Amino acid sequence: MTLMTSKQYEDSLRKMNFKVYLQGELVTNTVDHPIIRPSLNSVMATYDLAQDPRYEDLMTATSHLTGRKVNRFCHLHRSTEDLVKKVKMQRLLGQTTASCFQRCVGMDAMNAQDSTTFEIDKALGTEYHKRFETFLRAVQDNDWVVDGAMTDVKGDRGLPPSKQSDPDMYLHIVERRADGIVVKGAKAHQTGCINSHWIIVMPTISMGPDDAEYAVSFAVPADAEGIFYVYGRQSCDTRKLEGGEIDVGNKKFGGHEALMVFENVFVPWDKVFMCGEYEFSGMLVERFAGYHRQSYGGCKVGVGDVLIGAAALAADYNGAARASHVKDKLIEMAHLNETLYACGISCSCEGSRTASGTYIIDLLLANVCKQNVTRFPYEIARLAEDIAGGLMVTLPSEKDLLNPATAEVIKKYLKGVDAVPVESRMRVLRLIENLTLGTAAVGYRTESMHGAGSPQAQRIMISRQSNLGKKKELAKAIAGIPSEPKVTEKKKELVDAK
Ligand code: SF4
Ligand code: FE
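Per-chain numbering applies: the sequence of each chain, read as written, is numbered from 1 onward. Think of it this way: whatever chain is written first is A, whatever ligand is written first is 1, and the rest follow in order. A pLDDT threshold of at least 70 governs which residues receive local features in this predicted model, and a stricter bar of 80 or more applies before side-chain atom pairs are shown or counted, although totals over entire chains, interfaces and linings include all residues. By convention in this description, side-chain values take in all heavy atoms of the structure and omit both hydrogens and water.

(A) Expanded view of the environment of Phe 218. Take Phe 218: it is sitting in strand E9 (residues 216–221). Between the C-alpha atoms of Phe 218 and Ile 387, which are 169 residues apart in sequence, the distance is 47 Å. Contact between two residues is taken to exist if any of their heavy atoms lie within 4.5 Å; hydrogens are not considered. Apart from residues no more than four positions distant in its own chain, Phe 218 is found in contact with Leu 171, Val 183, Ile 199, Ile 200, Val 201, Phe 262, Val 267, Lys 271, Val 272 and Phe 273. Helix and strand labels come from DSSP, where a helix needs a run of H or I of at least four residues and a strand needs a run of E of at least two; each type is numbered from the N terminus.

This is the structure:
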(Lines give C-alpha, C1' and ligand atoms only; values in the text may rest on other atoms or scores of the structure.)
(Ligands and ions follow the chains in the order given, each with its own letter.)
Protein backbone atom coordinates (compact mmCIF):
# COMPACT_ATOMS: atom_id res chain seq x y z
CA MET A 1 0.00 0.00 0.00
CA THR A 2 2.20 2.83 -1.17
CA LEU A 3 -0.69 5.30 -1.57
CA MET A 4 -3.23 5.60 1.24
CA THR A 5 -6.63 7.17 0.77
CA SER A 6 -7.45 10.08 3.05
CA LYS A 7 -9.93 7.83 4.87
CA GLN A 8 -7.23 5.25 5.53
CA TYR A 9 -4.98 8.03 6.77
CA GLU A 10 -7.71 9.30 9.11
CA ASP A 11 -8.32 5.76 10.42
CA SER A 12 -4.59 5.24 10.99
CA LEU A 13 -4.48 8.36 13.18
CA ARG A 14 -7.43 7.08 15.23
CA LYS A 15 -5.26 4.13 16.26
CA MET A 16 -2.54 6.40 17.65
CA ASN A 17 -2.23 7.30 21.28
CA PHE A 18 -1.48 11.03 21.34
CA LYS A 19 -1.29 12.91 24.60
CA VAL A 20 -2.35 16.48 23.81
CA TYR A 21 -3.26 19.30 26.19
CA LEU A 22 -5.51 21.91 24.63
CA GLN A 23 -6.94 24.90 26.50
CA GLY A 24 -6.36 23.30 29.89
CA GLU A 25 -7.71 19.86 29.05
CA LEU A 26 -6.26 16.53 27.99
CA VAL A 27 -7.70 15.66 24.56
CA THR A 28 -8.33 11.97 24.02
CA ASN A 29 -9.79 12.12 20.50
CA THR A 30 -7.60 14.42 18.41
CA VAL A 31 -9.17 13.40 15.09
CA ASP A 32 -12.64 14.77 15.82
CA HIS A 33 -11.75 17.72 18.05
CA PRO A 34 -13.33 20.79 16.38
CA ILE A 35 -10.22 22.96 16.90
CA ILE A 36 -7.80 20.31 15.56
CA ARG A 37 -9.98 18.84 12.79
CA PRO A 38 -9.45 21.57 10.15
CA SER A 39 -5.70 20.91 10.29
CA LEU A 40 -6.31 17.21 9.75
CA ASN A 41 -8.50 18.07 6.74
CA SER A 42 -5.53 19.95 5.22
CA VAL A 43 -3.25 16.91 5.54
CA MET A 44 -6.02 14.74 4.10
CA ALA A 45 -5.88 16.93 0.99
CA THR A 46 -2.31 15.70 0.40
CA TYR A 47 -3.77 12.17 0.13
CA ASP A 48 -6.87 13.14 -1.89
CA LEU A 49 -4.92 15.05 -4.53
CA ALA A 50 -2.47 12.15 -4.88
CA GLN A 51 -5.42 9.93 -5.89
CA ASP A 52 -6.65 12.43 -8.47
CA PRO A 53 -5.42 11.53 -12.00
CA ARG A 54 -5.27 15.26 -12.89
CA TYR A 55 -2.47 15.77 -10.36
CA GLU A 56 -0.65 12.45 -10.62
CA ASP A 57 2.46 14.04 -12.12
CA LEU A 58 2.79 16.64 -9.36
CA MET A 59 1.53 14.68 -6.36
CA THR A 60 3.28 11.36 -6.92
CA ALA A 61 6.75 10.20 -7.92
CA THR A 62 8.66 6.98 -8.50
CA SER A 63 10.66 5.76 -5.51
CA HIS A 64 14.37 5.44 -6.29
CA LEU A 65 14.48 2.67 -3.64
CA THR A 66 11.64 0.42 -4.83
CA GLY A 67 10.55 1.73 -8.23
CA ARG A 68 7.00 2.02 -6.88
CA LYS A 69 4.68 5.02 -7.10
CA VAL A 70 4.81 7.05 -3.87
CA ASN A 71 3.33 10.29 -2.61
CA ARG A 72 5.75 13.11 -3.47
CA PHE A 73 5.80 14.08 0.21
CA CYS A 74 7.62 10.75 0.87
CA HIS A 75 10.00 11.12 -2.10
CA LEU A 76 13.64 12.19 -2.32
CA HIS A 77 14.34 14.70 -5.09
CA ARG A 78 16.33 12.91 -7.79
CA SER A 79 16.59 15.83 -10.25
CA THR A 80 16.01 19.55 -10.56
CA GLU A 81 12.71 18.62 -12.23
CA ASP A 82 11.68 16.94 -8.95
CA LEU A 83 12.57 20.13 -7.07
CA VAL A 84 10.41 22.21 -9.43
CA LYS A 85 7.50 19.79 -9.12
CA LYS A 86 7.70 20.00 -5.35
CA VAL A 87 7.14 23.79 -5.48
CA LYS A 88 4.28 23.40 -7.97
CA MET A 89 2.67 20.76 -5.73
CA GLN A 90 2.89 23.12 -2.76
CA ARG A 91 1.29 25.96 -4.71
CA LEU A 92 -1.54 23.63 -5.72
CA LEU A 93 -2.12 22.57 -2.11
CA GLY A 94 -1.97 26.19 -0.90
CA GLN A 95 -4.66 27.03 -3.46
CA THR A 96 -6.73 24.03 -2.35
CA THR A 97 -6.56 24.55 1.42
CA ALA A 98 -5.65 28.26 1.93
CA SER A 99 -3.78 26.87 4.94
CA CYS A 100 -0.62 25.14 6.03
CA PHE A 101 -1.00 21.51 4.95
CA GLN A 102 1.89 20.52 7.23
CA ARG A 103 3.35 17.57 5.37
CA CYS A 104 6.33 19.46 3.83
CA VAL A 105 8.31 19.61 7.06
CA GLY A 106 8.96 15.86 7.02
CA MET A 107 9.66 15.84 3.28
CA ASP A 108 12.29 18.55 3.81
CA ALA A 109 13.73 16.74 6.85
CA MET A 110 14.04 13.44 4.96
CA ASN A 111 15.77 15.07 1.98
CA ALA A 112 18.24 16.85 4.29
CA GLN A 113 18.74 13.70 6.35
CA ASP A 114 19.53 11.58 3.31
CA SER A 115 22.51 13.58 2.07
CA THR A 116 23.79 14.44 5.57
CA THR A 117 23.81 10.83 6.85
CA PHE A 118 25.57 9.80 3.63
CA GLU A 119 28.29 12.38 4.22
CA ILE A 120 28.70 11.56 7.94
CA ASP A 121 29.18 7.89 7.06
CA LYS A 122 31.69 8.72 4.35
CA ALA A 123 33.76 10.84 6.75
CA LEU A 124 33.46 8.75 9.91
CA GLY A 125 32.58 5.21 8.83
CA THR A 126 29.27 5.21 10.72
CA GLU A 127 26.09 3.47 9.46
CA TYR A 128 23.52 6.22 9.72
CA HIS A 129 22.67 6.31 6.02
CA LYS A 130 21.72 2.62 5.88
CA ARG A 131 19.47 3.08 8.93
CA PHE A 132 17.90 6.14 7.38
CA GLU A 133 17.21 4.34 4.08
CA THR A 134 15.49 1.49 5.95
CA PHE A 135 13.30 4.05 7.69
CA LEU A 136 12.59 5.89 4.43
CA ARG A 137 11.55 2.65 2.73
CA ALA A 138 8.97 2.05 5.50
CA VAL A 139 7.74 5.67 5.19
CA GLN A 140 7.23 5.22 1.44
CA ASP A 141 5.64 1.77 1.73
CA ASN A 142 3.15 2.95 4.37
CA ASP A 143 2.56 6.49 3.01
CA TRP A 144 3.18 7.90 6.50
CA VAL A 145 3.08 11.56 7.48
CA VAL A 146 6.47 12.47 8.92
CA ASP A 147 7.06 15.70 10.80
CA GLY A 148 10.43 17.41 11.20
CA ALA A 149 11.28 18.82 14.62
CA MET A 150 14.13 21.28 14.64
CA THR A 151 13.38 24.38 16.73
CA ASP A 152 14.58 24.01 20.30
CA VAL A 153 13.12 26.31 22.96
CA LYS A 154 16.65 27.84 23.33
CA GLY A 155 16.38 29.57 26.76
CA ASP A 156 19.02 32.33 26.87
CA ARG A 157 19.73 33.05 23.20
CA GLY A 158 23.16 34.41 24.12
CA LEU A 159 24.41 31.03 25.38
CA PRO A 160 25.19 27.76 23.55
CA PRO A 161 23.30 24.57 24.53
CA SER A 162 25.92 23.32 27.00
CA LYS A 163 26.14 26.66 28.86
CA GLN A 164 22.40 27.05 29.61
CA SER A 165 21.46 27.09 33.31
CA ASP A 166 18.79 24.47 32.51
CA PRO A 167 20.33 21.65 30.42
CA ASP A 168 16.99 20.88 28.74
CA MET A 169 16.76 24.15 26.75
CA TYR A 170 18.06 22.17 23.77
CA LEU A 171 16.99 18.57 23.26
CA HIS A 172 19.83 16.27 24.32
CA ILE A 173 20.98 12.74 25.04
CA VAL A 174 20.60 11.85 28.72
CA GLU A 175 21.63 8.19 28.47
CA ARG A 176 23.37 5.89 25.97
CA ARG A 177 22.30 2.29 26.40
CA ALA A 178 23.19 -0.96 24.62
CA ASP A 179 19.85 -0.86 22.78
CA GLY A 180 19.56 2.87 22.08
CA ILE A 181 19.53 6.38 23.56
CA VAL A 182 17.27 8.29 25.94
CA VAL A 183 16.57 11.95 25.12
CA LYS A 184 15.05 14.91 26.94
CA GLY A 185 13.99 18.44 25.94
CA ALA A 186 11.28 20.22 23.97
CA LYS A 187 10.70 21.39 20.40
CA ALA A 188 8.66 24.55 19.86
CA HIS A 189 6.20 25.59 17.11
CA GLN A 190 5.83 22.02 15.80
CA THR A 191 3.71 22.27 12.66
CA GLY A 192 1.43 19.31 12.07
CA CYS A 193 2.90 17.12 14.84
CA ILE A 194 -0.48 15.83 16.03
CA ASN A 195 -1.39 14.79 12.48
CA SER A 196 1.89 12.88 12.00
CA HIS A 197 2.82 9.21 12.34
CA TRP A 198 6.53 9.86 12.87
CA ILE A 199 8.75 12.75 13.92
CA ILE A 200 12.32 13.28 12.70
CA VAL A 201 14.18 15.24 15.36
CA MET A 202 17.18 17.34 14.31
CA PRO A 203 19.52 19.77 16.09
CA THR A 204 18.65 23.44 15.70
CA ILE A 205 22.08 25.13 15.32
CA SER A 206 25.72 24.49 14.43
CA MET A 207 27.49 23.06 17.45
CA GLY A 208 30.97 22.71 18.95
CA PRO A 209 32.64 19.88 20.91
CA ASP A 210 31.09 20.99 24.22
CA ASP A 211 27.62 20.53 22.69
CA ALA A 212 28.14 16.96 21.44
CA GLU A 213 25.30 15.57 23.58
CA TYR A 214 22.96 18.02 21.82
CA ALA A 215 24.05 16.97 18.31
CA VAL A 216 21.43 14.27 17.99
CA SER A 217 19.00 13.27 15.25
CA PHE A 218 16.53 10.39 15.14
CA ALA A 219 13.05 9.24 14.12
CA VAL A 220 10.42 8.45 16.71
CA PRO A 221 6.68 7.63 16.57
CA ALA A 222 4.71 10.83 17.21
CA ASP A 223 2.88 9.10 20.07
CA ALA A 224 5.93 7.41 21.64
CA GLU A 225 6.05 6.86 25.39
CA GLY A 226 7.26 10.05 27.09
CA ILE A 227 6.12 12.48 24.35
CA PHE A 228 3.29 14.92 25.00
CA TYR A 229 2.03 18.10 23.37
CA VAL A 230 0.68 21.45 24.50
CA TYR A 231 -1.45 22.81 21.63
CA GLY A 232 -0.81 26.36 20.39
CA ARG A 233 -3.62 28.93 20.39
CA GLN A 234 -4.46 30.78 17.22
CA SER A 235 -6.30 34.06 16.86
CA CYS A 236 -10.08 33.45 16.63
CA ASP A 237 -9.64 29.67 17.17
CA THR A 238 -12.73 29.35 19.40
CA ARG A 239 -14.91 30.36 16.44
CA LYS A 240 -14.44 26.73 15.39
CA LEU A 241 -16.42 25.74 18.50
CA GLU A 242 -19.44 27.85 17.48
CA GLY A 243 -20.71 25.32 14.96
CA GLY A 244 -21.27 27.83 12.14
CA GLU A 245 -19.52 28.17 8.81
CA ILE A 246 -19.38 31.86 7.86
CA ASP A 247 -17.45 33.30 10.80
CA VAL A 248 -14.55 30.82 10.53
CA GLY A 249 -13.76 32.22 7.08
CA ASN A 250 -12.25 28.97 5.81
CA LYS A 251 -15.04 26.46 6.19
CA LYS A 252 -12.93 23.30 6.09
CA PHE A 253 -9.17 23.74 6.39
CA GLY A 254 -6.56 24.99 8.86
CA GLY A 255 -3.14 24.29 10.33
CA HIS A 256 -1.70 23.72 13.79
CA GLU A 257 1.43 24.11 15.89
CA ALA A 258 2.22 22.72 19.31
CA LEU A 259 4.95 22.57 21.94
CA MET A 260 6.34 19.04 21.83
CA VAL A 261 7.82 17.76 25.09
CA PHE A 262 10.23 14.78 25.34
CA GLU A 263 10.34 13.38 28.86
CA ASN A 264 13.13 10.78 28.76
CA VAL A 265 12.09 9.23 25.45
CA PHE A 266 13.83 6.02 24.39
CA VAL A 267 15.03 5.73 20.78
CA PRO A 268 16.42 2.39 19.51
CA TRP A 269 19.73 2.56 17.63
CA ASP A 270 18.16 1.67 14.28
CA LYS A 271 16.28 5.00 14.34
CA VAL A 272 19.28 7.14 15.40
CA PHE A 273 20.79 9.16 12.53
CA MET A 274 23.28 11.37 14.40
CA CYS A 275 24.66 10.85 17.87
CA GLY A 276 27.33 13.29 18.96
CA GLU A 277 28.80 14.18 15.51
CA TYR A 278 28.54 17.89 16.32
CA GLU A 279 30.59 18.90 13.26
CA PHE A 280 27.69 17.79 11.00
CA SER A 281 24.85 19.51 12.86
CA GLY A 282 25.41 22.73 10.87
CA MET A 283 25.16 20.82 7.58
CA LEU A 284 21.84 19.23 8.57
CA VAL A 285 20.41 22.53 9.80
CA GLU A 286 21.52 24.43 6.68
CA ARG A 287 20.10 21.83 4.27
CA PHE A 288 16.79 21.37 6.07
CA ALA A 289 16.37 25.15 6.37
CA GLY A 290 17.26 25.58 2.68
CA TYR A 291 14.62 23.08 1.58
CA HIS A 292 11.98 24.65 3.81
CA ARG A 293 12.85 28.15 2.57
CA GLN A 294 12.28 26.82 -0.97
CA SER A 295 8.93 25.36 0.21
CA TYR A 296 7.62 28.80 1.08
CA GLY A 297 8.00 29.83 -2.55
CA GLY A 298 5.19 27.33 -3.23
CA CYS A 299 2.82 27.09 -0.27
CA LYS A 300 2.61 30.80 0.55
CA VAL A 301 2.10 31.60 -3.13
CA GLY A 302 -0.87 29.20 -3.30
CA VAL A 303 -2.43 30.80 -0.22
CA GLY A 304 -1.65 34.22 -1.75
CA ASP A 305 -3.62 33.18 -4.86
CA VAL A 306 -6.68 32.62 -2.66
CA LEU A 307 -6.20 35.96 -0.88
CA ILE A 308 -5.84 37.85 -4.16
CA GLY A 309 -8.98 36.13 -5.44
CA ALA A 310 -10.85 37.04 -2.25
CA ALA A 311 -9.78 40.71 -2.52
CA ALA A 312 -10.93 40.81 -6.15
CA LEU A 313 -14.28 39.29 -5.15
CA ALA A 314 -14.68 41.81 -2.31
CA ALA A 315 -14.09 44.59 -4.85
CA ASP A 316 -16.74 43.05 -7.15
CA TYR A 317 -19.25 42.76 -4.30
CA ASN A 318 -18.58 46.35 -3.17
CA GLY A 319 -19.09 47.65 -6.71
CA ALA A 320 -15.50 48.96 -6.74
CA ALA A 321 -13.94 46.58 -9.27
CA ARG A 322 -13.73 49.19 -12.04
CA ALA A 323 -11.88 51.76 -9.92
CA SER A 324 -8.39 52.16 -11.38
CA HIS A 325 -6.66 52.17 -7.97
CA VAL A 326 -8.34 48.86 -7.07
CA LYS A 327 -7.21 47.32 -10.36
CA ASP A 328 -3.69 48.58 -9.68
CA LYS A 329 -3.64 47.13 -6.15
CA LEU A 330 -4.66 43.74 -7.51
CA ILE A 331 -1.86 43.96 -10.10
CA GLU A 332 0.62 44.78 -7.33
CA MET A 333 -0.56 41.81 -5.28
CA ALA A 334 -0.15 39.47 -8.25
CA HIS A 335 3.29 40.93 -8.99
CA LEU A 336 4.48 40.31 -5.42
CA ASN A 337 3.01 36.81 -5.31
CA GLU A 338 4.55 35.76 -8.62
CA THR A 339 7.92 37.17 -7.52
CA LEU A 340 7.84 34.72 -4.61
CA TYR A 341 6.98 31.91 -7.00
CA ALA A 342 9.83 32.94 -9.31
CA CYS A 343 12.21 32.58 -6.35
CA GLY A 344 10.84 29.12 -5.45
CA ILE A 345 11.18 27.93 -9.04
CA SER A 346 14.61 29.46 -9.63
CA CYS A 347 16.26 27.95 -6.54
CA SER A 348 14.87 24.60 -7.74
CA CYS A 349 16.09 24.93 -11.35
CA GLU A 350 19.53 25.90 -10.07
CA GLY A 351 19.67 22.91 -7.71
CA SER A 352 22.48 20.37 -7.77
CA ARG A 353 23.24 16.75 -6.96
CA THR A 354 24.67 15.90 -3.53
CA ALA A 355 26.99 12.94 -2.93
CA SER A 356 24.07 10.66 -1.97
CA GLY A 357 22.30 11.34 -5.29
CA THR A 358 19.58 13.52 -3.72
CA TYR A 359 19.22 16.96 -5.25
CA ILE A 360 19.49 20.12 -3.20
CA ILE A 361 18.26 23.61 -4.04
CA ASP A 362 20.55 26.56 -4.72
CA LEU A 363 21.01 27.78 -1.15
CA LEU A 364 21.52 31.46 -1.98
CA LEU A 365 18.33 31.65 -4.05
CA ALA A 366 16.33 29.63 -1.47
CA ASN A 367 17.35 32.10 1.21
CA VAL A 368 16.47 35.05 -1.03
CA CYS A 369 13.10 33.35 -1.57
CA LYS A 370 12.37 33.11 2.15
CA GLN A 371 13.68 36.64 2.82
CA ASN A 372 11.11 37.94 0.35
CA VAL A 373 8.45 35.78 2.05
CA THR A 374 9.16 37.65 5.30
CA ARG A 375 7.94 40.81 3.52
CA PHE A 376 5.65 40.31 0.54
CA PRO A 377 2.74 38.45 2.21
CA TYR A 378 2.52 41.38 4.65
CA GLU A 379 2.15 43.82 1.76
CA ILE A 380 -0.30 41.52 -0.04
CA ALA A 381 -2.33 41.29 3.21
CA ARG A 382 -2.23 45.10 3.61
CA LEU A 383 -3.56 45.61 0.10
CA ALA A 384 -6.27 42.96 0.64
CA GLU A 385 -7.42 44.79 3.80
CA ASP A 386 -7.36 48.07 1.90
CA ILE A 387 -9.62 46.67 -0.83
CA ALA A 388 -11.89 44.79 1.61
CA GLY A 389 -12.77 47.91 3.62
CA GLY A 390 -13.40 48.34 7.34
CA LEU A 391 -16.45 46.09 7.31
CA MET A 392 -14.03 43.14 7.43
CA VAL A 393 -13.54 43.83 11.16
CA THR A 394 -16.87 45.39 12.14
CA LEU A 395 -19.13 42.79 10.55
CA PRO A 396 -21.83 41.30 12.82
CA SER A 397 -21.71 37.58 13.48
CA GLU A 398 -23.28 34.74 11.54
CA LYS A 399 -25.76 34.35 14.41
CA ASP A 400 -27.00 37.91 13.83
CA LEU A 401 -27.64 37.04 10.21
CA LEU A 402 -29.76 34.12 11.41
CA ASN A 403 -31.60 36.03 14.16
CA PRO A 404 -34.99 37.26 12.82
CA ALA A 405 -34.63 40.41 14.93
CA THR A 406 -31.50 41.53 13.00
CA ALA A 407 -31.46 39.48 9.77
CA GLU A 408 -33.43 41.98 7.66
CA VAL A 409 -31.39 44.94 8.89
CA ILE A 410 -28.18 43.18 7.98
CA LYS A 411 -29.47 42.17 4.56
CA LYS A 412 -30.64 45.74 3.87
CA TYR A 413 -27.76 47.83 5.22
CA LEU A 414 -24.74 45.59 4.63
CA LYS A 415 -25.59 44.87 1.03
CA GLY A 416 -23.17 45.92 -1.72
CA VAL A 417 -24.14 45.45 -5.39
CA ASP A 418 -27.72 44.28 -5.95
CA ALA A 419 -26.81 40.99 -7.60
CA VAL A 420 -24.81 39.64 -4.66
CA PRO A 421 -26.48 38.32 -1.50
CA VAL A 422 -25.22 39.71 1.80
CA GLU A 423 -24.16 36.23 2.87
CA SER A 424 -21.63 35.99 0.01
CA ARG A 425 -20.22 39.39 0.96
CA MET A 426 -19.92 38.28 4.59
CA ARG A 427 -18.22 35.03 3.56
CA VAL A 428 -15.54 36.69 1.46
CA LEU A 429 -14.80 39.32 4.11
CA ARG A 430 -14.51 36.60 6.74
CA LEU A 431 -12.11 34.71 4.47
CA ILE A 432 -9.89 37.81 4.15
CA GLU A 433 -10.12 38.27 7.93
CA ASN A 434 -9.13 34.61 8.42
CA LEU A 435 -6.09 34.97 6.15
CA THR A 436 -4.89 38.30 7.53
CA LEU A 437 -5.97 38.30 11.20
CA GLY A 438 -7.52 34.92 12.05
CA THR A 439 -6.34 31.33 12.33
CA ALA A 440 -4.81 31.23 8.84
CA ALA A 441 -2.82 34.39 9.59
CA VAL A 442 -0.53 32.11 11.62
CA GLY A 443 0.43 30.38 8.38
CA TYR A 444 0.23 33.31 6.00
CA ARG A 445 1.71 36.13 8.09
CA THR A 446 3.65 35.26 11.25
CA GLU A 447 4.89 31.97 9.85
CA SER A 448 6.03 33.87 6.75
CA MET A 449 8.19 35.89 9.13
CA HIS A 450 9.52 33.19 11.45
CA GLY A 451 8.84 29.80 9.84
CA ALA A 452 11.91 28.12 8.30
CA GLY A 453 14.00 30.60 10.28
CA SER A 454 13.53 34.28 11.17
CA PRO A 455 14.71 36.96 8.69
CA GLN A 456 18.18 37.36 10.22
CA ALA A 457 18.91 33.66 9.65
CA GLN A 458 18.45 34.19 5.92
CA ARG A 459 20.57 37.34 5.93
CA ILE A 460 23.45 35.40 7.49
CA MET A 461 23.13 32.76 4.75
CA ILE A 462 22.84 35.42 2.02
CA SER A 463 26.00 37.08 3.31
CA ARG A 464 27.82 33.73 3.32
CA GLN A 465 26.67 32.71 -0.13
CA SER A 466 26.70 35.96 -2.09
CA ASN A 467 30.49 36.00 -2.79
CA LEU A 468 31.24 39.66 -2.23
CA GLY A 469 34.92 39.07 -3.05
CA LYS A 470 34.09 38.02 -6.59
CA LYS A 471 31.81 41.01 -7.02
CA LYS A 472 34.62 43.35 -5.98
CA GLU A 473 36.93 41.75 -8.54
CA LEU A 474 34.28 42.30 -11.22
CA ALA A 475 34.08 45.97 -10.29
CA LYS A 476 37.87 46.33 -10.34
CA ALA A 477 38.13 44.73 -13.75
CA ILE A 478 35.53 47.09 -15.20
CA ALA A 479 37.03 50.18 -13.55
CA GLY A 480 40.64 49.26 -14.41
CA ILE A 481 41.80 48.91 -10.76
CA PRO A 482 44.69 46.43 -10.41
CA SER A 483 44.07 43.44 -8.17
CA GLU A 484 45.93 43.61 -4.87
CA PRO A 485 48.21 40.68 -4.12
CA LYS A 486 46.72 38.24 -1.64
CA VAL A 487 47.73 38.73 2.01
CA THR A 488 49.68 35.47 1.99
CA GLU A 489 51.70 36.64 -1.03
CA LYS A 490 52.34 39.98 0.67
CA LYS A 491 53.59 38.19 3.76
CA LYS A 492 55.85 36.05 1.56
CA GLU A 493 57.31 39.17 -0.02
CA LEU A 494 58.04 40.65 3.41
CA VAL A 495 59.75 37.45 4.51
CA ASP A 496 61.77 37.33 1.26
CA ALA A 497 62.83 41.00 1.76
CA LYS A 498 64.15 40.16 5.20
FE1 SF4 B 1 4.30 23.19 4.08
FE2 SF4 B 1 4.14 25.80 3.99
FE3 SF4 B 1 3.11 24.49 6.07
FE4 SF4 B 1 5.75 24.66 5.83
S5 SF4 B 1 4.32 26.37 6.13
S6 SF4 B 1 4.56 22.82 6.26
S7 SF4 B 1 5.98 24.62 3.59
S8 SF4 B 1 2.43 24.37 3.94
FE1 FE C 1 6.47 26.17 8.12
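Still to come is the rest of the account.
(B) Geometry of the nonpolar core. Grouping buried Ala, Val, Leu, Ile, Met, Phe, Trp, Tyr and Cys residues that are joined through side-chain atoms within 4.5 Å yields what is termed a nonpolar core. Throughout, exposure labels follow a simple rule: accessible area from a 1.4 Å probe, protein chains only, divided by the maximum for the residue type, with under 20% read as buried, over 50% as exposed, and the rest as partly exposed. By size, the foremost hydrophobic cluster in this structure holds 78 residues, and its most contacted members are Tyr 9, Ile 199, Ile 200, Phe 218, Tyr 229 and Phe 262. For each domain, the first and last residues come from an automatic or database assignment. Shared between two domains, this core takes at least three residues from each, and those domains are domain 1 (6–278) and domain 2 (284–465). Ignoring any residue separated from it by four or fewer positions in sequence, one finds Tyr 9 in contact with Met 4, Leu 40, Val 43, Met 44, Tyr 47, Val 145, Asn 195 and His 197. Core analysis: the next-biggest nonpolar cluster, separate from the first, contains 59 residues, Ala 311, Ala 388, Leu 395 and Met 426 among them.

(C) Region of the structure containing the site of ligand 1. Taken together, Cys 100, Phe 101, Gln 102, Cys 104, Val 105, His 292, Ser 295, Tyr 296, Cys 299, Lys 300 and Glu 447 make up the full set of residues near ligand 1. Counting residues per element, the shell around ligand 1 draws most heavily on helix H7 (residues 281–318), which supplies five residues. Polarity classes work like this: nonpolar for Ala, Val, Leu, Ile, Met, Phe, Trp, Tyr, Cys and Pro, charged for Asp, Glu, Lys and Arg, and polar for all others, with Gly in that last group. Along the lines of polarity and charge, the residues of the shell around ligand 1 split into six nonpolar, three polar and two charged. Consider each residue's heavy atoms; a residue with any of them within 4 Å of a molecule or strand counts as near.

(D) Spotlight on the side chain of Glu 119. Structurally, Glu 119 is set in helix H5 (residues 104–124). Since its relative accessible area comes to 17%, Glu 119 is described here as buried. A distance of 3.0 Å separates polar atoms of two side chains, one belonging to Glu 119 and the other to Arg 287. Beyond its immediate sequence surroundings of up to four residues, Glu 119 is in contact with Phe 280, Met 283, Arg 287, Thr 354 and Ala 355. In the analysis that follows, any N or O atom pair within 3.5 Å is treated as a polar contact, provided that within protein one partner can donate a hydrogen and the other can accept it, and provided that, for residues neighboring in sequence, both atoms belong to side chains.

(E) Just the environment of Tyr 444, in detail. Relative to the elements of secondary structure, Tyr 444 occurs in helix H15 (residues 439–450). Under the relative-accessibility criterion, Tyr 444 is labelled buried at 1%. When residues no more than four places from it in sequence are discounted, the contact partners of Tyr 444 are Lys 300, Val 303, Gly 304, Leu 307, Pro 377, Ile 380 and Leu 435.

(F) Structural view of the coordination of the iron ion (ligand 2). Donor atoms (N, O, S) are those found within 2.8 Å of the metal centre, with the cutoff raised to 3.2 Å for Na, K and Ca; water is not part of the atom list, so apparent gaps in a site can occur. Here the iron ion (ligand 2) is held by the protein donor atoms Tyr 296 (OH) and Glu 447 (OE), which lie 2.4 to 2.5 Å from it. Of the two residues, Tyr 296 is situated in helix H7 and Glu 447 in helix H15; the sequence distance between them amounts to 151 residues. Look at Tyr 296 and you get buried, because its relative accessible area is 2%.

(G) Fine view of the domain arrangement of the protein chain. Assigned domains within the protein chain: domain 1 (6–278) and domain 2 (284–465). Relative to domain 2, the C-alpha centre of domain 1 lies at a distance of 24 Å. Counting from both sides, the interface comprises 54 residues of domain 1 and, opposite them, 50 residues of domain 2. For the pairing of domain 1 and domain 2, the buried interface totals around 4300 Å² over both sides, and the portion due to carbon and sulfur atoms is 62%. The term buried area refers to how much accessible surface (probe radius 1.4 Å) is lost by two components on association, counted for both of them together. Taken as a group, Val 87, Arg 91 and Ile 246 account for 18% of the area that domain 1 buries against domain 2, more than any other trio of residues on that side.

(H) Main features of a nonpolar patch on the surface. Like charges within 9 Å and nonpolar side chains (Val, Leu, Ile, Met, Phe, Trp, Tyr) within 5 Å are joined into patches, using only residues over 30% in relative accessible area that form no salt bridge. Method for areas: the Shrake-Rupley scheme with a 1.4 Å probe, in which residue coverage is limited to the protein chains shown. A pairing counts as a salt bridge when a side-chain nitrogen of Lys or Arg comes within 4 Å of a carboxyl oxygen of Asp or Glu. A contiguous nonpolar patch, built from Tyr 21, Leu 26, Val 230 and Leu 259 and spanning about 300 Å² of accessible area, is present on the exposed surface. Following the sequence through the fold, Leu 26 ends up in strand E2 (residues 25–27).

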